[in-house]
Structure formats: structure tokens, C-alpha cells
Amino acid sequence: MGIISRGFQGRRRDAGDRLPPGQYLVDDFPVLSAGPTPRVPLDRWEFAVDTEAGQTHRWSWAEFLALPQETPTVDIHCVTKWTKLDTTWQGVSLDVLLEDVETAADYALIYSYGGYTTNLPLEDLLDGQAWIAHRFDGEELEPRHGGPARLIVPHLYFWKSAKWVRGIRLLNEDYPGFWETAGYNNYGDPWREQRYEGD
Ligand SMILES: Nc1nc2c(c(=O)[nH]1)N[C@H]1C(S)=C(S)[C@@H](COP(=O)(O)O)O[C@H]1N2
Ligand SMILES: [Mo]
């Protein structure tokens, strides 16, 4: 009693330190979809990892939910300049999903129900940097935000966080996705403001 703890992190970083260049804060959760929301019945849903050697690892919805779960709280940054702080998700780390996958690939192409694709280096999916999330803010992930499940890669602009994710193709060579072939930056680091090709 009477002990005032400032916690192990000391003073909390203020919001300004968490806002990448050119971004502004929002409290709502905007929806950005390049097409209609695909509806995927859970009994037909699957998530797949396809390796460069032609092997496929698959998880049904029940198998996916049975994997160890994490609840990351992260800041997300859309290339249209909104940033939302402290978003809380529940899902499965890509470290878990890729644990037993034998690969020497350097690149990943994420593909979604509905046809959306996005690419990133495989290493950006590992070491606690990415999740396949199926809950947001304690609730089932809404279809318009990517439900049943979406990728979350918060350290890159949010277009890399593919909604309605269906699988990941592991590749020896980089293969640009939907926005990356439409003039957006191939990597998309918000802290280096890599919005467009050439940034
Ligand atoms: N399948 C799919 N995933 C997608 C998109 C999309 O159009 N289709 N839009 C991307 C973009 S540009 C952003 S900013 C975020 C938006 O997610 P939200 O609608 O949940 O805010 O999803 C990303 N993932
Ligand atoms: Mo976006």
C-alpha cells in the first residue's frame, strides 16, 4: 500500500513519438477495401502455406483456432495517412504457422479470398512481427475489417496487412502484389515514409 509504481518502462512515450512522418491520429477505425467483402463460410475456410519446393501446409478453421494464441496491442499506419494507436488483436503468430515449414525462401506473397495480394520479405513475418488475427478489440473480426481472419504486420503500412487472408506463397524471388504493382512502395516502412515507388 502507498507504493507508487511507474512500471518498468518508466514514463509512457507520448503519442507524438508513435506517429510516423506525415501521419495523423484517428480514434475511429476506417475501412479501406479495394473491392467487395468476400464471404467465406468457416467450414470451407482454410489457410495455406505453399513453399518454393511445392509443398503445401494447410489449416482448417478448427485447426487454426487450436494453435497457440497471442493478443498483440499494436499501432497501425495506413498509407492514406491515418494512424490508430493501441489496437488489440487476437491471433496466431506467423512464427507458429511457419515453425514446421521447411523453406529457404527469402520472399512471401500473401494472397486473399477475393484476389488481393501483397508481398514482403519473409523475415518481416518472423520474430513476433506478424499474426493471422481473427479477433479485434475482444470481438470476432468483422467481415469489413478482414474477418474471418487477416494478416497483421504493424511495422509496415497497413496495405500489407491483407484482409480475408487465404495463404502465403514462399518464393525465391520477389513478386509484387496488388498495390505494389500499382505504384506503391515495394516495402512500405512508415517510419521512412515509403509510400510510393521511389520513396
Ligand atoms: N484483401 C484485402 N486486404 C486489404 C485491403 C484490400 O483492399 N483487400 N486493403 C488494405 C489497405 S490499403 C488497408 S489500409 C487495410 C485496411 O484495413 P481496414 O479496412 O480494416 O482498416 O487493409 C489492407 N488489406
Ligand atoms: Mo491503406
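Quick notes on the rules
- Residues numbered from 1 in each chain as written.
- Chains lettered and ligands numbered in written order.
- Predicted model: local features only at pLDDT ≥ 70, side-chain atom pairs only at ≥ 80, totals over all residues.
- Heavy atoms only, no water.
- Near = heavy atom within 4 Å.
- Polar contact = N/O pair within 3.5 Å; in protein donor to acceptor, adjacent residues only side chain to side chain.
- Areas by Shrake-Rupley, 256 points an atom, 1.4 Å probe, with all protein chains shown as cover.
- 1 Å grid on protein atoms, 1.4 Å probe; cavity = no way out; pocket = protein on both sides within 12 Å on 5 of 7 lines; lining within 4 Å.
- Sits in = over half its atoms within 2 Å of the grid points.
- Nonpolar A, V, L, I, M, F, W, Y, C, P; charged D, E, K, R; others polar.
- UniProt positions renumbered as here; feature names shortened; annotations may be inferred.
- Helix = DSSP H or I, 4+ residues; strand = E, 2+ residues; numbered from the N terminus.

Per an unreviewed UniProt entry, the protein goes by DMSO/TMAO reductase YedYZ molybdopterin-dependent catalytic subunit and derives from Nonomuraea fuscirosea.

1. Looking at the site of ligand 1
Looking at ligand 1, there are 19 residues lining it, with Pro30, Ala34, His145, Arg150 and Lys163 nearest. Between ligand 1 and Pro30, the relevant distance is 2.6 Å, taken from an oxygen atom to a main-chain nitrogen or oxygen of the residue. In this structure, Ser161 approaches ligand 1 through a main-chain N or O atom, which is 3.1 Å from a nitrogen atom. Considered on its own, ligand 1 offers 530 Å² of accessible surface; in the complex 97% of this is hidden by protein. Counting atoms within 2 Å of the grid points, the majority share of ligand 1 lands in the largest pocket. For the shell around ligand 1, the residue count by class is 12 nonpolar, 4 polar and 3 charged.

2. Some thoughts on the UniProt feature "domain: Oxidoreductase molybdopterin-binding" (unreviewed entry) in the protein
Sites flagged by UniProt as "domain: Oxidoreductase molybdopterin-binding" (unreviewed entry) map to residues 35-179. Along residues 35-179 the backbone is 6% helical and 39% strand, and the end-to-end C-alpha distance reaches 13 Å.

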